[in-house]
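One-letter residues, chain by chain:
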Amino acid sequence: IYGSVIFFEPIMNIIAGLPIIVRGVTYMLCIFVAEYYSGTLLRKINACPWDYSNAKTNINGVIRLDYAPLWMMAGLLFERVTTVPRRKS
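Residues numbered from 1 in each chain as written. Predicted model: local features only at pLDDT ≥ 70, side-chain atom pairs only at ≥ 80, totals over all residues. Heavy atoms only, no water.

Here we come to the overall build of the protein chain. Along its length, the protein chain carries three helices and two strands. Going from the N terminus to the C terminus, the protein chain shows its helices and strands as α-α-β-β-α. Taking contacts inside the protein chain between residues at least 6 apart in sequence as the whole, the part at least 24 apart equals 47%. With the model as given, the accessible surface of the protein chain reaches about 6,400 Å², and the carbon-plus-sulfur share is 65%. (Helix = DSSP H or I, 4+ residues; strand = E, 2+ residues; numbered from the N terminus. Contact = heavy atoms within 4.5 Å. Areas by Shrake-Rupley, 256 points an atom, 1.4 Å probe, with all protein chains shown as cover.)

This paragraph deals with the pattern of salt bridges. Oppositely charged side chains may form a pair once their charged atoms are brought near each other. Counted by the stated rule, this structure contains three salt bridges. Between D51 and R43 there is a salt bridge; the shortest N-O distance is 2.9 Å. D51 sits in the exposed class, given a relative accessible area of 52%. The shortest N-O distance in the salt bridge between D66 and R64 comes to 2.7 Å. (Salt bridge = Lys/Arg side-chain N within 4 Å of Asp/Glu carboxyl O. Buried < 20%, exposed > 50% of the residue type's maximum accessible area, 1.4 Å probe, protein only.)

For the rest of this paragraph, the subject is the nonpolar core. Counting residues in each nonpolar core, the largest one holds 15 residues, and the members touching the most others are F8, Y27, M28, F32 and W71. By size, the runner-up hydrophobic cluster in this structure holds five residues, among which are L42, W50, Y52 and V62. (Core = buried A, V, L, I, M, F, W, Y, C linked by side-chain atoms within 4.5 Å.)

Relative to the 21 Å expected for 15 residues at 1.5 Å per residue, helix α3 (residues 68-82) spans 21 Å between its end C-alpha atoms, a close match to the ideal helical length. Along α3, the positions that sit buried rather than exposed are A68, W71, M72, A74, G75, L76 and E79. Among the structural elements, α1 (9-15), α2 (20-44) and β2 (63-64) are those in contact with the buried residues of α3. (Expected span 1.5 Å × (residues − 1).)

The final tally for this structure, using the stated rule, is three aromatic pairs. When the centroid spacing of 6.3 Å and the interplanar angle of 75° are considered together, the rings of Y67 and W71 count as edge-to-face. The class for W71 is buried, based on a relative accessible area of 12%. Ring-pair connections join several aromatic residues into one group, and the members of that group are Y52, Y67 and W71. (Phe/Tyr/Trp six-rings, centres within 6.5 Å; stacked < 30°, edge-to-face > 60°.)

Structurally, R23 can be placed in helix α2. We classify R23 as buried; its relative accessible area is 15%. Reaching out from R23, the side chain makes a polar contact with the backbone oxygen of L18 at a distance of 2.6 Å. When sequence neighbours within four positions are dropped, the list of residues in contact with R23 reads I15, L18, L76 and E79. (Polar contact = N/O pair within 3.5 Å; in protein donor to acceptor, adjacent residues only side chain to side chain.)

Listed below in structure tokens is the structure:
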């Protein structure tokens, strides 16, 4: 599931050059959406490997809002790892 971050590349290209906070929030929201829907689908077939039900900030047991800063940083890290610097002409 987390390997699907490669599909964020088009989003990375669209938001390149925007302030870091805008990019970080965008990545965080994308990760939350992906985690929510994948977790919800996996729960329907009893295959979800995580359960955040005991966390105070959980939503339906599949995402934790207190992970927001982590997902922002992870998105920015993915941006650095997946982005190839462009040569100036």
